[in-house]
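# Structure at a glance
This is what each chain is made of:
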Amino acid sequence: MISKHIYQSVLKVQTRTELAELLYQNVMHNEGGVIAINKPYGLRNGTGFDDPLDTKFKTVNRFNFSLTEVLPLLASMLNVPNLTVARSPEKFASGLTLLNVDNEAGIKISKAVKHPTSPAVYSYQAVCHGVPLLSSNSGERLGLTTNESDLSVKLSTDQSANKIKTKKMKQIYYKYKVLNTNPDLNASLVEVSTNRILWYYVPLYLATRLLTPVIGDQIHGNSVKYLFGKPVHLPTFNVTGFNPQKLPEDICKRLEVDETDSLLIPNHLHLSSVTLYHFSRKEPKHLTIHAPPPPHFQWTCSQLKLWNEPENLLPVEVAF
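### Examining the side chain of Ser188
In this structure, Ser188 sits in strand β9 (residues 187-194). At a separation of 2.6 Å, a polar atom in the side chain of Ser188 contacts the main-chain carbonyl oxygen of Gly130. Apart from residues lying up to four places away in sequence, Ser188 is in contact with Ala126, Val127, Cys128, Gly130, Val131, Pro132, Asn180, Thr181 and Leu306.

### Quick word on a negative patch on the surface
Residues Asp250, Asp258, Glu259 and Asp261 make up a contiguous surface patch of negative charge. Mapped onto the elements, Asp250 comes out in helix α6 (residues 249-255). Note on Asp250: relative accessible area 32%, which makes it partly exposed.

### Description of the packing of aromatic side chains
Applying the stated rule across the entire model yields two aromatic pairs. When the centroid spacing of 5.5 Å and the interplanar angle of 85° are considered together, the rings of Tyr7 and Trp299 count as edge-to-face. Linking Tyr7 in the segment before α1 (16-25) with Trp299 in helix α7 (residues 295-303), this pair joins segments that are 292 residues apart in sequence. Residue classification places Tyr7 among the buried residues on the basis of a relative accessible area of 2%. Ring geometry for Tyr174 versus Tyr205: centroids 4.1 Å apart, planes at 5°, classification stacked. Remark: Tyr205 occurs in helix α5 (residues 201-208) and Tyr174 occurs in strand β8 (residues 169-182); sequence separation between them is 31 residues. You can call Tyr174 buried: its relative accessible area is 0%. The positively charged end of Lys108 is found above the aromatic ring belonging to Phe279, 4.6 Å away from the centroid.

### Describing helix α2 (residues 67-77)
Those residues of α2 that fall on the buried side of the exposure criterion are Leu67, Val70, Leu71, Leu74 and Ala75. Considered in projection along α2, the buried side chains sweep an arc of 160° and stay on one side of the axis. Residues of α2 that are exposed and point more than 90 degrees away from the buried face comprise Pro72 and Ser76. In this structure, the buried residues of α2 make contact with α1, β2 (34-39), β3 (84-87) and β4 (94-100).

### Focus on the nonpolar core
With 41 residues, the main nonpolar core has Leu98, Tyr122, Tyr174, Val192, Tyr205, Leu206 and Leu276 as its most contacted residues. If we skip the residues at most four places from it in the chain, Leu276 touches Leu98, Ala112, Val113, Ala120, Lys285, His286 and Leu287. Core analysis: the next-biggest nonpolar cluster, separate from the first, contains 20 residues, Phe63, Leu74, Val80 and Leu83 among them.

### Here we look at α1
Along α1, the positions that sit buried rather than exposed are Leu19, Ala20, Leu22 and Leu23. Buried positions in α1, seen along its axis, are confined to an arc of 155° and lie on one side of it. As for α1, its buried residues are in contact with β1 (27-31), β2 and α2.

### A word on the environment of Ala187
Along the chain, Ala187 turns up in strand β9. In sequence terms Ala187 and Thr212 are 25 residues apart; their C-alpha atoms lie 8.4 Å from each other. With near-sequence residues (within four places) excluded, Ala187 lies in contact with Cys128, Gly130, Val131, Thr181, Asn182, Leu304 and Leu306.

### Topic: unusual backbone geometry
The residue Asn186 is not glycine, and still its phi comes out positive at about 55°. Turning to its location among the elements, Asn186 is positioned in the loop between β8 and β9. Asn186 gets classed as partly exposed once you look at its relative accessible area, which sits at 23%. Of note, the phi angle at Glu256 is positive, near 60°, even though the residue is not glycine. Looking at the element boundaries, Glu256 is found in the loop between α6 and β12 (269-276). Residue Glu256 is classed as partly exposed on the basis of its relative accessible area, which comes to 26%.

### Section: the pattern of salt bridges
A full pass over the atoms with the stated rule returns three salt bridges. In this structure, Arg16 engages Glu69 in a salt bridge whose closest nitrogen and oxygen atoms are separated by 3.4 Å. One end of the pair, Arg16, is in helix α1; the other, Glu69, is in helix α2, with 53 residues separating them in the sequence. Assessed through its relative accessible area of 37%, Arg16 is described here as partly exposed. Judged by its relative accessible area of 25%, Glu69 falls in the partly exposed class.

About the criteria used
- Residues numbered from 1 in each chain as written.
- Predicted model: local features only at pLDDT ≥ 70, side-chain atom pairs only at ≥ 80, totals over all residues.
- Heavy atoms only, no water.
- Helix = DSSP H or I, 4+ residues; strand = E, 2+ residues; numbered from the N terminus.
- Polar contact = N/O pair within 3.5 Å; in protein donor to acceptor, adjacent residues only side chain to side chain.
- Contact = heavy atoms within 4.5 Å.
- Patch = residues over 30% accessible without salt bridge, like charges linked within 9 Å, V, L, I, M, F, W, Y side chains within 5 Å.
- Areas by Shrake-Rupley, 256 points an atom, 1.4 Å probe, with all protein chains shown as cover.
- Salt bridge = Lys/Arg side-chain N within 4 Å of Asp/Glu carboxyl O.
- Lys, Arg positive; Asp, Glu negative; His and termini not counted.
- Charge placed at Lys NZ, Arg CZ, Asp CG, Glu CD.
- Buried < 20%, exposed > 50% of the residue type's maximum accessible area, 1.4 Å probe, protein only.
- Phe/Tyr/Trp six-rings, centres within 6.5 Å; stacked < 30°, edge-to-face > 60°.
- Lys NZ or Arg CZ within 6 Å of the ring centre and 35° of its normal.
- Arc of directions from axis to C-beta.
- Core = buried A, V, L, I, M, F, W, Y, C linked by side-chain atoms within 4.5 Å.

Right, dumping it as structure tokens:
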């Protein structure tokens, strides 16, 4: 065990100005009123708790301030009058956050995101325990339902038009591609593309459909067990549940953590690419923005031998 583990390393951000400078250094796109930043893991969007598990993950509370609290400072650094969050992954995922400088840009983003024939595509990369049976799929549409009594969620191929109409069921598109695997450790690097940005939709899909839970996922991380060497999915836990993930000893050794200290491992989910189709009337009409994964994500991939060069993590553009 090393004393200064990468998962425990705290970014040296003590003030709002330092956080704004960090975000400024991570600007991935700045054009036409649309600014994209590569949000660090552990940074919440709002001023309050924006996730039921916020009080559970003590190890990821790296920032004293939220994204919205430093937007005025970031706007000043970028020499724009205002900044508003248009789309962003939650605290427990890193990656691309779209900001707009005015209402016109905000409306433009919103129209592209909700385009009737070609909605936005969000491509996430995830480090997973397990290897999908197939290396990719051609895309599938699933229905997501939430039980209001216990907030449990599930995906189903059986989609009710009436439930969708009454908003009791959400339709979500998923497409995945295995970027790399390590069969010896039963680990994989998977890219999942979807039309929804809420962070737990992707871990839910990986755990329940591909039987490969995300490393660091404390909601669905223990929903897959192995019987006679085959993965089996157990009943899905609710989104406010808390069930620390237990990883195999060989993976824990590679990640230099104790099996009993799984809470040290952050959720390895990164929004690596966003594509807005029909974003502009001019060529190119489509806007695609990429963002590299954070250091802890890259370190884990290296330790699990899931990649050798950063180029291996470049996302594949996907359209539904």
